[in-house]
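# Fold and contact review
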Amino acid sequence: IVYVVLTALSLPVSLILGLLSGFILDLYSAVVLISFASSFGATAAMLVSRYLISDYINKKFSNEISLINNEVDAHGAYYLFALRMSPIFPFFVINAAFGLTKIKSLTFYLISQLGMLPGTIIIILIGSELNNFLIKGSPFSFELVVYLTLLGLIPLLSKKYIRL
């Protein structure tokens, strides 16, 4: 509930909460919990943007919103999927911006659920490895290095293999 509310308020806390969930929960529980919470929260933030603060966002970011609308018109939900696969853009910005597009809420939710899943899993795995390292006193693990490398490679791989 905390994750959904903080995400709906567009507070950039997803990385910290994802690491924390991996730190305190088992992998499967954390993935299910954070995956759904992040998608529900993102959809709520998109709806807040669409129905409550659209005038403000349109005035402040009209050029950027125009660009996103053009891309959504040209590529549809695939554009959102590409943005979700690449953690270069902060998700709270994507949520607010897509609130001003014509994308359907259900489509936004489903694409967000799918597109954020790989990064969510990797962040939770990093949190789990940090638990082993900090609390259990395990030596710095090879797995942690692999997970951090994968997190850094997601934007590059998504750019190479997900073409708009």
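Residues numbered from 1 in each chain as written. Predicted model: local features only at pLDDT ≥ 70, side-chain atom pairs only at ≥ 80, totals over all residues. Heavy atoms only, no water.

### Observations regarding the overall build of the protein chain
To keep it simple, the criterion reads: The numbering of helices and of strands both runs from the N terminus, where a helix is a DSSP run of H or I of at least 4 residues and a strand a run of E of at least 2. C-alpha atoms define the radius of gyration, and 2.2 Å times the number of residues to the power 0.38 defines the globule rule. Only protein chains enter the calculation, and the probe is 1.4 Å; a residue is then buried if its accessible area is under 20% of its type maximum, exposed if over 50%, and partly exposed in between. All accessible areas in this document rest on Shrake-Rupley with a 1.4 Å probe, and a residue is counted as covered only by the protein chains that are shown. For the charge count, each Lys or Arg is scored as positive and each Asp or Glu as negative, with His and the chain ends excluded. In plain terms, the charge of a residue is placed at NZ if it is Lys, CZ if Arg, CG if Asp and CD if Glu.
Assigned secondary structure in the protein chain consists of nine helices and zero strands. Counted from the first residue to the last, the protein chain has its helices and strands arranged as α-α-α-α-α-α-α-α-α. Since a compact globule built from 164 residues should have a radius of gyration of about 15 Å, the 17 Å found for the protein chain is in line with a globular shape. Dimensions along the principal axes, computed over C-alpha positions, put the protein chain at roughly 50 × 35 × 25 Å. Each of the 164 residues in the protein chain was classed as buried or not, and the buried ones make up 41%. Accessible surface for the protein chain amounts to roughly 9,400 Å². Of this, 71% is attributable to carbon and sulfur atoms. Charged side chains of the protein chain number 10 positive and 7 negative; the gap between the two group centres comes to 7 Å.

### Focus on a nonpolar patch on the surface
Worth spelling out the cut-off: Patches draw on residues past 30% relative accessible area with no salt bridge. Two like charges within 9 Å are joined, as are two nonpolar side chains (Val, Leu, Ile, Met, Phe, Trp, Tyr) within 5 Å. Salt bridges are identified by distance alone: a Lys or Arg side-chain nitrogen within 4 Å of an Asp or Glu carboxyl oxygen.
Where nonpolar side chains cluster on the molecular surface, the patch consists of Phe133, Leu134, Ile135, Phe140 and Val145 and spans about 500 Å² of accessible area. Among the structural elements, Leu134 can be located in helix H8 (residues 105-134). Among the residues examined, Leu134 registers a relative accessible area of 56% and is labelled exposed.

### Re the environment of Ala8
Rule in force here: Whether two residues are in contact is decided by their heavy atoms, any of which lying within 4.5 Å being enough.
Among the secondary structure elements, Ala8 is positioned in helix H1 (residues 2-8). Along the primary structure Ala8 and Ala42 are separated by 34 residues, whereas in three dimensions their C-alpha atoms are 6.0 Å apart. Ignoring sequence-local partners within four residues, the contact set of Ala8 consists of Gly41, Ala44, Ala45 and Val48.

### Brief notes about unusual backbone geometry
The backbone phi angle of Ser10 is positive, close to 60 degrees, even though this residue is not glycine. For Ser10, the location among the structural elements is in the loop between H1 and helix H2 (14-24). Exposure remark for Ser10: the relative accessible area of 25% places this residue in the partly exposed category.

### Observations concerning the confidence of the model for the protein chain
Where we set the bar: Predictor confidence is given residue by residue as pLDDT, running from a minimum of 0 to a maximum of 100.
Put simply, the protein chain has an average pLDDT of 86, and 93% of its residues get 70 or more. Within the protein chain, the lowest mean pLDDT, 73, falls on helix H9 (residues 142-161), and the highest, 95, falls on helix H3 (residues 27-51).

### A look at helix H5 (residues 62-75)
Applicable threshold: One less than the residue count of a helix, multiplied by 1.5 Å, gives the span that helix is expected to have.
In this model H5 runs 20 Å from its N-terminal to its C-terminal C-alpha over 14 residues, within 8% of the 20 Å that 1.5 Å per residue would give. Those residues of H5 hidden inside the fold are in contact with helix H4 (54-60), helix H6 (77-85) and helix H7 (91-98). One or two residues past the end of H5 sits Gly76, with phi positive at roughly 65 degrees.

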